[in-house]
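Inside the fold
Listed below, chain by chain, are the residues.
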Amino acid sequence: MFKAIGRNEEMEDREFDMMFPKAIQAESEFHFTPIKIAKLAAEYLADSKETKILDIGSGAGKFCMIGSVCTDAFFVGVEQRIHLNSLATQISRKYELTNLQFIHANITAISFTDFHAFYFFNSFHEQINISGRMDDSQAWSKKLYEEYSLYVKTELDKMPAGTKLVTYFSYLDEVPDTYELQYSYEDSKLKMWRKKS
């Protein structure tokens, strides 16, 4: 499966998502990055094999897994739901994916200066939208949405010029003014940024 993606062979998301338990598969359409988007984002972010990319709110790890077979960069997913983090780790080990790692933590415990590039698929949206929640394990809180968004924005603003960021389905509350839009795809849902010099 992963070899096919790495060789740029076409694969449907439904086929890919069958590796997840049925309850997780049901969340894929709304909460997991589609293969096409993951490949575009990973290829933009991955400048070299030394590039370390942080997926902010990695869920079951789909973006990191796809990125790890499409590029030579190193992907790190941070996720605060322990069951999703454990699942991502288990699947990546099963398929012997080596250039990735999954961390169980809240985003506010992560120092962005340990990374070179960033991927953000509106991880905090469920804090303000009850109908779009994956489960009830996280509190619904506009205050948390604002706190997490501000943390990401502040950390991104500390990064050096040239730092790359990709956002997907984002309100852009986490994007500092110091980042300049480079490309936009999928009716502006997918945006690729670079920090200004």
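Anything mentioned here points back to the structure above.
Residues numbered from 1 in each chain as written. Predicted model: local features only at pLDDT ≥ 70, side-chain atom pairs only at ≥ 80, totals over all residues. Heavy atoms only, no water.

Notes on the packing of aromatic side chains
Taken as a whole and judged by the stated rule, the model has 14 aromatic pairs. When the ring of Phe 121 is compared with that of Tyr 168, the centres are 4.8 Å apart and the planes differ by 55°; the resulting orientation is tilted. Of this pair, Phe 121 sits in the loop between strand 4 (117-120) and helix 8 (142-157) while Tyr 168 sits in strand 5 (residues 164-168); the two residues are 47 residues apart in sequence, bridging distant segments of the chain. There is no split in this pair, since Phe 121 and Tyr 168 are both buried. (Phe/Tyr/Trp six-rings, centres within 6.5 Å; stacked < 30°, edge-to-face > 60°. Helix = DSSP H or I, 4+ residues; strand = E, 2+ residues; numbered from the N terminus. Buried < 20%, exposed > 50% of the residue type's maximum accessible area, 1.4 Å probe, protein only.)

As for the pairing of strand 6 (residues 179-185)
Judged from the six bridges that link them, strand 6 and strand 7 (residues 190-195) form a sheet pairing that is antiparallel. Looking across to strand 7, one finds that Leu 181 is bridged to Trp 193. Between strand 6 and strand 7, which pair antiparallel in sequence order, lie four residues; one of them, Glu 186, sits at a positive phi of approximately 55°. (Pairing = 2+ DSSP bridges.)

Thoughts on the side chain of Glu 79
When you line up the elements, Glu 79 lands in strand 2 (residues 74-79). Of the buried charged residues, Glu 79 lacks a salt bridge, with Arg 81 as the closest side chain of opposite charge at 4.1 Å. In contact with Glu 79, not counting residues within four places along its chain, are Gly 57, Ser 58, Gly 59, Leu 84, Asn 85, Ile 103, His 104 and Ala 105. (Lys, Arg positive; Asp, Glu negative; His and termini not counted. Salt bridge = Lys/Arg side-chain N within 4 Å of Asp/Glu carboxyl O. Contact = heavy atoms within 4.5 Å.)

Let's talk about the sheet that holds strand 7
The strand order across the open sheet built from seven strands is 3-2-1-4-5-7-6, with neighbouring strands paired in mixed fashion. Where the open sheet ends on each side, the last strands, each with one partner, are strand 3 (100-104) and strand 6. For this sheet, the mean angle separating the axes of adjacent strands, direction not counted, is 20°. In this structure, strand 2 lies alongside strand 3, joined through five bridges in parallel fashion. By the bridge assignment, Val 78 is partnered in strand 3 with Ile 103. On top of the sheet, helix 7 (residues 82-94) reaches strand 2 and strand 3; it is set at about 160° to strand 3, its chief contact. (Axes fitted to C-alpha atoms, helices over the stretch in contact; angles between N-to-C directions.)

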